[in-house]
Every structure is written in C-alpha cells, then in structure tokens.
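So you can see what is in the structure, the chains are spelled out below.
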Number of protein chains: 2
Amino acid sequence: MAKELKNLTKRSDNYSQWYNELVVKADLAEQSAVRGCMVIKPYGYAIWEKMQHELDKMFKATGVQNAYFPLLIPKSFLCREAEHVEGFAKECAVVTHYRLKNDPEGTGVIVDPAARLEEELIVRPTSETIIWGTYKNWIHSYRDLPLLINQWANVMRWEMRTRMFLRTSEFLWQEGHCAHATAEESEARTVEMINVYADFAQNYMAMPVTIGVKSPNERFAGAINTYSIEAMMQDGKALQAGTSHNLGQNFAKAFDVTFMNKENKPEYVWANSWGVSTRLMGALIMTHSDDNGLVLPPKLAPIQVVIVPIYKNNDGLTEISERVKPLVDELRSKGISVKYDDADNRRPGFKFADYELKGVPIRLAIGQRDLENGTVELMRRDTLEKETLPLEGITDKIVKILDDIQQNLFKKSLERREAKTIEVDNYDEFKEKIEDGVFIMAHWDGTPETEEKIKEETKATIRCIPLEGDKTPGVCMVTGKPSAQRVIFARAY
Amino acid sequence: MAKELKNLTKRSDNYSQWYNELVVKADLAEQSAVRGCMVIKPYGYAIWEKMQHELDKMFKATGVQNAYFPLLIPKSFLCREAEHVEGFAKECAVVTHYRLKNDPEGTGVIVDPAARLEEELIVRPTSETIIWGTYKNWIHSYRDLPLLINQWANVMRWEMRTRMFLRTSEFLWQEGHCAHATAEESEARTVEMINVYADFAQNYMAMPVTIGVKSPNERFAGAINTYSIEAMMQDGKALQAGTSHNLGQNFAKAFDVTFMNKENKPEYVWANSWGVSTRLMGALIMTHSDDNGLVLPPKLAPIQVVIVPIYKNNDGLTEISERVKPLVDELRSKGISVKYDDADNRRPGFKFADYELKGVPIRLAIGQRDLENGTVELMRRDTLEKETLPLEGITDKIVKILDDIQQNLFKKSLERREAKTIEVDNYDEFKEKIEDGVFIMAHWDGTPETEEKIKEETKATIRCIPLEGDKTPGVCMVTGKPSAQRVIFARAY
C-alpha cells in the first residue's frame, strides 16, 4: 500500500481526479450502491463528528436548542410557498407506496399497488415547510418568541451530477429555523449565524472565508436575502461553505403563523434559516491537502499525534513501549488525541505513508537510538519538516506545534486567496483571467440579466457581494451602468 | 397552565391516556402532519441527546467507530436474505420517482411519470443489507477484522398503530454492525453489547432490566439468535428496550462477504447487529413518572437543578439574584446543570408546577426570609419531599441528593418489578393472573406452537429466556412436556 499511496494523482496534473482519489484513499468516503449517495467511512465520519461537536456548542452558546422533525414532507406542504416549490420540489425522492409484497410471478418482492399513498410524501430536501407547518401550533404570543431551533439531519436532493461530499443526493447537515417577533431581530439572527459559520470556518477549519450577500439569482428559494460564506479552493474555484437566509414573513404567510404582539394585535412571524452540511468536508479536504494526501487542521483531526516505534525485535519494542506509555498519558491529560501504533503487521515506512495520507498533524518516530539519546523524531504534516527533539519537555512542545500548524494552515490559505484575487474592470480581460482560476473583484450593474450573461459566457457566477472591504462605486464592466461596489466573481463547486 | 397541569389523567384511571398526555404536556414530542411520525420537541430531544452522548461513549470504549450509510436501499438488496425480507420488506416507505413537475391542469405539483426509477428504493427499516453490501468491499483478509461499526440514523417502518416514542413510523436509533473472523468472537460481541445496553438502562435510566434470549418466534429476521433487555413498566407490561442479534453467516452468505483466514483459506464472515432507539424515551417516561408529570433520573435530566426566586419587588429579586449567582457558578463547577428561572411573567406557583411536570430532579426556592436566615427550600421530584436547608454547604448536599435520587428511582423500580413478578405452574391460573399486569415466570416446552397458543389466548408473549437466575427444569404449564427453565411471560408494548 505504501507504494499505492504514492500513486495519488498530483494536483497539478488533475485537481479534480486528485480530489476524488484522495477521498477514497484516505478512507473518508466511497460511492454506495445507491446512485449519488455515499458511504461516509469511519475516518471521514470522525472528522464530521468533530465538526458537529464544535458547531453544536457554538449554536447552543447563542441560545439555540435541538429538535427533530419528520423525514417525509407531504407534497402539498412544498407547494405552499410559491418560490420555494420552484427551487426545491422538483428533483427529489418521492414516496408513493407504503408496502411491498411477494412477487406472484417469481421470486423477490414488488410494490403493492393496493398500498398507494393518498398524498405522496417527499424525502425532505430542506425542512422549512414541515417546520413552519409545526410552528403554527407552537407560536401564539410574543412570549413564545424567539424560537431558536436547530436539527441535525439527513436530506435528499436528486442531483444529476454528484461528487463525494461536494454534491451528493443524500447529505448530512444541520438546519436552524428561527422565529422572531420583529424584522430587525430576525435580520440580526441571520447575520449572527453567518458569523458563527465564519468563526467556525476560520478558527476550526483554518479556512479563510468572505462573508457576503448573495445576488437575487443565487438566493435561497423563498428567502428575501441570503448571506453566505465563500472560500477559495486550491484551484482558485469558490466553494459556498454555509448560508443563512432571512425569510421575511414568507413562510409565516404560507403557513399562516401569526402571534399576538405586545399591543395584542395579530402579526405574521419573522423567520430565518441557516445551514452547513457534509459539504464542509469537501471544503476542508480541498483547502489544505497536498500531493501526499490529506492535511488536517489539528482542531478537527481525529488523531492529532501518532507515535510509531522503530524496533528490531520484541525486546526493543517492549523497551520503547515502556518509555512511550507515560508520554501518551501526558499528552492525553492535555486533551491531545494520540495513537500509539505498535501493530507488528505493518512496517514503519508503510505506517508513515499511511498517516501522511490520513493527514495526522504530528508524527513521532522513536527508535532504539532515540531511547539512548533521550530524543524523538517529530514530523509535522503541514510542512513535512522533520526534527529530532529531546523527549524531555516534548509535551509542551507538541502543544505549541499543534497550535502553530493550525495558524500556519490558515495563513497559507489566506495568502493563496490574496495572491489569487484580482481586480478587473474590463470584460475581455475578465474572460481571459477567469481561466486562471482566480477570484475576480469586478463591478456589476446589479441586474440578473448581466449576471446571467456573464455566467453563460464565462461559467463564473457572483459568489457574493462582500459585507466588508472596498465599497467604492464604479461602472459595470459589461454594461457600463453604475455599480454600487465590486463583487466577487468566480467559478464555483 | 398551572391548573391545566393538574388535569393530567391519573395513572390509575387510564395508564395509556396518562402516557399520551404526559408526552405532550411535558413538551417531549407531538404528532406531526405526517401519519405515524412525531416531532421530537427541544425538551424531549435534550433527553435523547444525553442518552446518545452516554451510549456513544460506551460504544467507543469497546472499540466501536461511527460511520454513515445511505438512507435508501435498493429493493433487490432487501430480498437477498430470505428471512430478512419476510420480516422487513413489507411495511415500508417506497421511493418510486425522483421528480415532481408543475401540474399542467392546475396549481401545485404532480409526480413526473417520466421520472420513474428503474429499481424502487426503500427507506431503510434497518441497514443490514446495505451495510453488508458495502462490507463486501471492505473485508478481504482476517487482518481487516473485526470491523466494529455503528451508525446513528433515522429509520422507517410503516406501522399501522403508532404511539409516540413507543412505536412510530419514523424513529431515531443507533445500529451497530460488526464483522468477525470467528463464530465465537461474534457471539462474544453480541453478548458484550447487550450487556452495554443493560449497563446503560440500569445505571443511567435507573431502569432494571432482565437480559435474556428471545424465543425463535421473536427473533430478528435473519438472526440465528437474539438477545434482549426487557423492562417492566408501571402497569406491569413489558417493554423490550434493546436487542443484540447474532446473525451467524447469514448476511455474509447473502452478500457473498468472505475473508482469507490465517490459513489463507476463504471463509464467510460472522456478523452481529445491535440497536436501541427513541423507544428508550418511552421506557424512561413509563418507568418513573407519576401523576404530577415526568420524573427523570438525574443522569439524564437536561436540567438537574432549578432555582426559583420568590420575591415581592425588583429590589427583592436583585438581592436574591446576587446571592444565587455564586451558587449557580458553584453547582456548574461540579458539572451540575442548573437553571435560574427569574422570568417575571410567570408566578412561582406556575413555575413549580411546570418543573414538576418536566421532571427536574431538584427544585430550590429562595425567598426574602431565606436570605435573612441563610436558608433555601429544597424539593426532590422523586419523593416530592421538601426541606429547608442552610445555604452554607448546599452544593455538596445537592451532589449527594442527586445521587440519592438516581439510586432511589432504580430501587423503587426494582421493588415494583419484584412485587409484580410471580411464578405460575398452572395454565388456568396463568390466564387469570396475567390480567393483573405481571411478569409470569413459567415453564414452556420450547415449541413455537405452544408459544403461539399462549399468545392467542392471553395476549402474553415470551419476553425472554433469562440468562441468569433459576435454571431448574420443569414441565410446560400447557402441554406437560419437559421445560429446560422458566421463561418470562408478559403482555408487552
């Protein structure tokens, strides 16, 4: 396998193939027998669990509670909000029957035609409709508000072209659904949650993101405004990593959810929803990994430190293990996850390659000579640099290096994004530069028509209208009409 | 609402109605707009999260890793294992189409007949088939074994008669699926996991359970042996709270999963699967709760201590709050979850009734006079006993009382089970006694026919053949044929 690992396609040769291979070779996920659906393997799931754990804590710190709503949504619910049904009700898994029966003409089972549902049920593509149908019974007075609820769930969208983690028919996500008494409060919550996502992306995933507003074309179906965080992958393409939607009163009106305000008058409730998904796994992989395999930020690595003994015989191993045991205990007492790999059916070289492929941030190798010298060899995954260090005081050093790796990964990504972000004012130049894989800051006249034209001609879309940064007005590079500020154009995953 | 709470039906009047009302009134769950599916509300979900958290830790301590497999299973997969399809493939949600389209003859959307799936997909009722279909690619050599994997997921079984938590069409659960190189190892894991469940039931849920083997009639479809933990509810009915199945080589054969053993010969893999579900919520509610509402064991209570200030005016509240703040901090530093309810829109009497209904283990009330006297009033939910205690040293006292409540709930349930468990040797007496709501330890000849006859005539089933306890042989109370040992008969949820 050590050899096989080396066969990972290089990013420079074929970035897309590198990604697909890496997902499988690093044991993150694989295609399942069901079209467009993946199996998330234990190592990949362990990373997702760490993401969930941190996000869940961050949500709860803002007052959000978890709940669970049904998987299946009555077809009629999807039709209640006019724009929503256009955006979501089309490509989805439809349950039409509730029973199978033995095939009278052969072996196996067939759908029982007698068990047809009166109304078809849709496997949720997102849960606004079923949740707002439920909130109608929960909200009566301003005292019931705000309602701050999240669910961790699987959802399904029947995608034609799928890629593991990035776009799969079934995916895992969280969806927050808040109800408020005022437009201002709902807008503030919408912004608060996109900031939570940005915080998570930057401080846990070590992935720089830009917070911005989506153009009307790219808005969530049924929202009055969508915020997103946008990240740049190593190939210069953009990846939308999280969204937060201000839904205004659209869903409250569609599901007739009103409350008595403080003046005792009925009023429609204000809504927002926000979500991130297993797509973040794709973003994480594509932001940091290299031609040797996965590179994981320490804060999300299932194994932060692996220790590999180098020994000639059983006595040697015993001696090393005795010295390593207190080190493992000490590291664990600092909250560091450690694996001591003393398996005797794989050689050290194989182990080294495997843990590189899996992105373990720090590898310690310890041999007979190290025992004599009181040293250990440390390799950090982000730079692949090795150094021999005294065993004495190694724990504190490791704490420091883990923190340094976390910072370094963010810094590298930020520098790459800055190097690959350019300003362009001329549409011909835009068409040329977009081929290089860059973010282009350009002026746009604010119309869907111009955006659509650019998309058709260059495959680039407006990723977002950034909330911060240069707000100087200008003129649209395509139409020459006035532009309020530069927006980010890029090709996107 | 304080009045409304008192309207909870008494257990002695109608146990079943008491349960249904309690689930709703305590804000645990409610019926959704989708037939047989429930919404798990935030308070109910918080208890489920605590269960998940503890179970997940226990599983991982035995070497299990989490993963995620697809929601939808190709129909043909279900048919591979002959018994399995009989047990599971019948009442289930069937996805037949993948697209909706605008209704040409009206508003709304209809199923697009052009988007019919070649092969129908089934919403998983359990995942043995899709998982063993996947394991085929993961297992090649004895070095790949054991494979110890669990998933937390939603599943769906189209139940005709549903009751919240106890039997719903969609429910949440975990399903472990292990693969082993030998029959012995697989059997040992099957037993290990039923013991983990018993440990959790008894030490976290404070619910005594009997570990036993299921009779062939009650075995999991496709298993060679099923272990279960059986608990007694307050009405004397049994509730199967968890199962662990030794699947032998049935699924390995159905999905052709072989491995090269140490002698380099191909061999079918040995399998087991084990699961608990949101049904545990129903068991928890029915084991401890009373006519005043929910009673929660401290280890699973989302709020362990609630503090209610009793005050006349704002100055009074400020003074109490100042004294309470360090107490809250101190309790939290001991890992105790505390809520200080200083909301001014609900009177103390209302709050008392509400927290009783919600099963908060300890309630502290603190008023002006308490401040003067340096005291606090403490009520424990299990006994409803109140006592006035010095504020000084109250934290240590609370730690002790929480532990005592946990023990006391287990003790009470165990005593009830013992009082309601009887030995019967005569079938006429059996028919009479079973009406009282008891567990009957009786001799049975080991045949499915006799079991079926008893079930038809008395609605009682064999809950399990206990692994421990009296192993004296005897004669079947129905047929007079030899019996290896007494088994537990009861009516069941």
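Structure: see above.
Quick caveat: nothing in here was measured; it's all calculated off a predicted structure.

Conventions used here
- Residues numbered from 1 in each chain as written.
- Chains lettered and ligands numbered in written order.
- Predicted model: local features only at pLDDT ≥ 70, side-chain atom pairs only at ≥ 80, totals over all residues.
- Heavy atoms only, no water.
- Helix = DSSP H or I, 4+ residues; strand = E, 2+ residues; numbered from the N terminus.
- Rg over C-alpha atoms; globule rule 2.2 N^0.38 Å.
- Buried < 20%, exposed > 50% of the residue type's maximum accessible area, 1.4 Å probe, protein only.
- Areas by Shrake-Rupley, 256 points an atom, 1.4 Å probe, with all protein chains shown as cover.
- Lys, Arg positive; Asp, Glu negative; His and termini not counted.
- Charge placed at Lys NZ, Arg CZ, Asp CG, Glu CD.
- Pairing = 2+ DSSP bridges.
- Axes fitted to C-alpha atoms, helices over the stretch in contact; angles between N-to-C directions.
- Contact = heavy atoms within 4.5 Å.
- Least-squares fit on C-alpha atoms with pLDDT ≥ 70 in both.
- Phe/Tyr/Trp six-rings, centres within 6.5 Å; stacked < 30°, edge-to-face > 60°.
- Lys NZ or Arg CZ within 6 Å of the ring centre and 35° of its normal.
- Polar contact = N/O pair within 3.5 Å; in protein donor to acceptor, adjacent residues only side chain to side chain.
- Core = buried A, V, L, I, M, F, W, Y, C linked by side-chain atoms within 4.5 Å.
- Left-handed = near helix turned anticlockwise from the far one by under 90°.
- Parallel < 35°, antiparallel > 145°, perpendicular 65-115°, else oblique.
- Nonpolar A, V, L, I, M, F, W, Y, C, P; charged D, E, K, R; others polar.
- Buried area = accessible area lost by both parts, 1.4 Å probe.
- Salt bridge = Lys/Arg side-chain N within 4 Å of Asp/Glu carboxyl O.
- Disulfide = S-S within 2.5 Å.

*Asks:* In this structure, what is going on with the overall build of chain A? I would like to understand it.
*Replies:* Secondary structure assignment for chain A yields 15 helices and 27 strands. Relative to the globule expectation of 23 Å for 493 residues, the C-alpha radius of gyration of chain A, 26 Å, shows essentially globular dimensions. Dimensions of chain A, computed from C-alpha atoms along their principal axes, come out at roughly 80 × 70 × 55 Å. In chain A, buried positions account for 60% of the 493 residues. Accessible area of chain A: about 20100 Å², with a carbon and sulfur share of 47%. Charge centroids of chain A, computed over 64 positive and 73 negative side chains, lie 2 Å from each other.

*Asks:* How should the sheet that holds strand S19 (residues 375-380) of chain B be read in this particular structure?
*Replies:* Sheet strands associate in pairs through backbone hydrogen bonding, adopting either a parallel or an antiparallel arrangement. Residues and elements named next belong to chain B. Taking strand neighbours across the sheet as the criterion, the five strands line up as S17-S16-S18-S19-S20 in an open arrangement whose pairing is mixed. Where the open sheet ends on each side, the last strands, each with one partner, are strand S17 (338-340) and strand S20 (386-390). Recorded for the sheet is a direction-independent mean angle of 25° between the axes of neighbouring strands. Summarising the sheet, strand S16 (residues 305-310) and S17 pair through three bridges and their orientation is parallel. Within S17, the residue paired with Val306 across the bridge is Lys339. The sheet contacts of helix H11 (residues 348-357) involve S16, S17, strand S18 (362-367) and S19, and relative to S16 the element is tilted by about 170°. Relative to S19, helix H13 (residues 394-419) is tilted by about 10°, and along the sheet it contacts S16, S18, S19 and S20.

*Asks:* How should I be thinking about the relation of the copies chain B and chain A in this particular structure?
*Replies:* Both copies of the chain are tied together by a single rotation about an axis and a shift running along it. Each copy of the sequence occupies a distinct position, and chain B is placed on chain A by a rotation of 180° and an axial shift of 0.0 Å, giving an RMSD of 0.0 Å. The operation mapping one copy onto its partner corresponds to a two-fold rotation axis. No C-alpha of chain B lies nearer the rotation axis than that of Val95 of chain B, which sits 2.1 Å from it.

*Asks:* In this structure, what is going on with the packing of aromatic side chains? I would like to understand it.
*Replies:* The relative placement of two aromatic rings is captured by the distance of their centres and the angle of their planes. Applying the stated criterion to the full structure yields 32 aromatic pairs over all chains. A ring pair is formed by Phe59 of chain A and Tyr197 of chain A, whose centres lie 6.2 Å apart and whose planes are at 75°; its orientation type is edge-to-face. Of this pair, Phe59 of chain A sits in helix H3 (residues 42-61) while Tyr197 of chain A sits in helix H7 (residues 183-203), and the two are 138 residues apart along the sequence. In this pair, the class of Phe59 of chain A matches that of Tyr197 of chain A, namely buried. Three or more aromatic residues joined by ring pairs make a cluster, and in this case those are Trp48, Phe59, Trp152, Tyr197 and Trp274 of chain A. The lysine or arginine in question, Lys358 of chain A, covers the ring of Tyr43 of chain A, its NZ or CZ lying 5.7 Å from the ring centre. Over the aromatic face of Trp138 of chain A sits the side chain of Lys41 of chain B, whose NZ or CZ is 4.7 Å from the ring centroid.

*Asks:* Please explain the environment of Arg116 of chain A as it appears in this structure.
*Replies:* Residues and elements named next belong to chain A. Locating Arg116 in the fold gives a position in strand S8 (residues 116-123). Considering only alpha carbons, one finds Arg116 and Arg99, 17 residues apart in sequence, at a separation of 8.2 Å. Leaving out residues up to four positions away in the same chain, Arg116 has contacts with Thr96, His97 and Tyr98. Of the polar contacts made by the side chain of Arg116, one reaches the side chain of Glu120; its length is 3.2 Å.

*Asks:* What's the story with the nonpolar core in this structure? I'm lost.
*Replies:* Where a protein is soluble and globular, its nonpolar side chains tend to be buried together. Trp132 of chain A together with Trp132 of chain B are the most contacted members of the largest nonpolar core, which totals 253 residues. Once you skip the residues sitting within four places of it in the chain, Trp132 of chain A turns out to touch Cys178, Ala179, Phe251, Ala252, Phe255, Val257, Val269, Trp270 and Ala271 of chain A.

*Asks:* What am I meant to see in the packing of helix H2 (residues 15-25) of chain B against helix H9 (residues 279-288) of chain B here?
*Replies:* Residues and elements named next belong to chain B. With their axes 11 Å apart at the nearest point, H2 and H9 run at an angle of 120° to one another. Crossing hand, H2 versus H9: right-handed. Each of Tyr15, Trp18, Tyr19, Leu22 and Val23 in H2 lies in contact with H9, whose residues at this interface are Gly282, Ile285 and Met286.

*Asks:* Before we go on, may I ask you to explain the packing of H3 of chain A against helix H9 (residues 279-288) of chain A in this structure?
*Replies:* All names here are of chain A. Close contact between H3 and H9 brings their axes to 10 Å; oriented N to C, the two are set at 110°. The orientation of H3 relative to H9 falls into the category roughly perpendicular. Between H3 and H9, the residues in contact are Gly44, Ile47, Trp48, Met51 and Leu55 and Leu280, Met281 and Leu284, respectively. Class assignment for the residues of the contact of H3 with H9 results in seven nonpolar, one polar and no charged.

*Asks:* What should I look at first to understand the sheet that holds strand S18 (residues 338-340) of chain A in this one?
*Replies:* All names here are of chain A. On the basis of which strands lie adjacent, the open sheet formed by five strands has the order S18-S17-S19-S20-S21 and mixed pairing. The open sheet is flanked by S18 and strand S21 (386-390), the only strands paired with a single partner. Looking at each pair of strands side by side, their axes are set apart by 25° on average, direction ignored. Inspection of the sheet shows strand S20 (residues 375-380) paired to S21 by five bridges, in the antiparallel sense. From the neighbouring strand, Glu377 faces S21, where its bridge partner is Thr388. Where helix H11 (residues 348-357) meets the sheet, its contacts fall on strand S17 (305-310), S18, strand S19 (362-367) and S20, and the angle it forms with S17 comes to roughly 170°.

*Asks:* How should I be thinking about the interface of chain B and chain A in this particular structure?
*Replies:* For interface size, the figure often reported is the accessible area lost on association. With 65 residues of chain B at the interface, the matching set in chain A holds 65 residues. Here chain B meets chain A over a buried area of about 5100 Å², counting both sides, of which 66% is carbon and sulfur. Counting the surface chain B buries against chain A, the share from its top three residues, Pro42, Tyr68 and Leu100 of chain B, is 13%. The interface formed by chain B and chain A holds four salt bridges in total.

*Asks:* Would you explain the pattern of salt bridges in this entry?
*Replies:* Working definition: two side chains of opposite charge can pair if their charged atoms are close together. Counted under the stated rule, the structure contains 65 salt bridges over all chains. With a closest N to O distance of 2.8 Å, Arg491 of chain B and Glu435 of chain B form a salt bridge. You can see Arg491 of chain B sitting in the segment after strand S26 (486-490) and its partner Glu435 of chain B sitting in the loop between helix H14 (427-433) and strand S22 (439-443), a full 56 residues away along the chain. Here the salt bridges share partners, and the residues they tie into one network are Asp27, Glu30, Lys41, Asp341, Arg346, Lys351, Asp354 and Lys358 of chain A.

*Asks:* Hey, could you run me through the state of the cysteines in this one?
*Replies:* As enumerated under the stated definition, the model contains zero disulfides over all chains in all. The cysteine Cys464 of chain A is free of any disulfide, with Cys476 of chain A supplying the nearest cysteine sulfur at 17 Å. Cys464 of chain A gets classed as buried once you look at its relative accessible area, which sits at 0%. The thiol of Cys37 of chain B is not disulfide-bonded; the next cysteine sulfur, from Cys92 of chain B, is found 14 Å away. Residue class for Cys37 of chain B comes out buried when judged on its relative accessible area of 0%.

*Asks:* Help me out: how do you make sense of unusual backbone geometry in this one?
*Replies:* For residues other than glycine, phi is negative in most cases, and the peptide bonds are mostly trans. A cis amide bond links Leu145 of chain A to the next residue, Pro146 of chain A, at an omega of -10°. Looking at the secondary structure, you find Pro146 of chain A in the loop between helix H6 (128-138) and strand S9 (147-156). A positive phi angle is found at Asn264 of chain A, which is not glycine, with a value near 65°. Here Lys459 of chain B, not a glycine, exhibits a phi torsion of approximately 65°, which is positive.

*Asks:* What is the right way to look at the pairing of S9 of chain A in this model?
*Replies:* A regular strand carries its side chains on alternate faces of the sheet. Residue and element names in this part refer to chain A. In terms of burial, S9 is a largely internal element, 10 of the 10 residues being buried. Here S9 shows a buried face lined by Leu147, Ile149, Gln151, Ala153 and Val155 and a second buried face lined by Leu148, Asn150, Trp152, Asn154 and Met156. Pairing of S9 with strand S10 (residues 170-180), which is carried by 10 bridges, proceeds in the antiparallel orientation. Each bridged residue has a counterpart across the sheet, and for Leu147 the counterpart in S10 is Ala179.

*Asks:* Mind showing me how you'd approach the environment of Arg363 of chain B here?
*Replies:* Residues and elements named next belong to chain B. Position of Arg363 among the secondary structure elements: in strand S18. Along the primary structure Arg363 and Met164 are separated by 199 residues, whereas in three dimensions their C-alpha atoms are 28 Å apart. Residue contacts for Arg363: discarding those within four places in its chain leaves Val306, Phe352, Glu356, Glu377, Leu378, Met379 and Lys386.

*Asks:* Honestly, the pairing of S20 of chain A in this entry has me stumped. Any pointers?
*Replies:* Residues and elements named next belong to chain A. Most of S20 sits inside the fold, with five of its six residues counted as buried. In terms of strand pairing, S19 meets S20 through four bridges, oriented antiparallel. Bridge pairing links Arg363 to Met379 in S20. Connecting S20 to the next strand, S21, in antiparallel fashion are five residues, including Leu384 with a positive phi near 60°.

*Asks:* Looking at this structure, I do not really get the side chain of Glu175 of chain A. What am I missing?
*Replies:* Among the structural elements, Glu175 of chain A can be located in strand S10. Among the polar contacts made by the side chain of Glu175 of chain A, one reaches the side chain of His177 of chain A at a distance of 2.9 Å.

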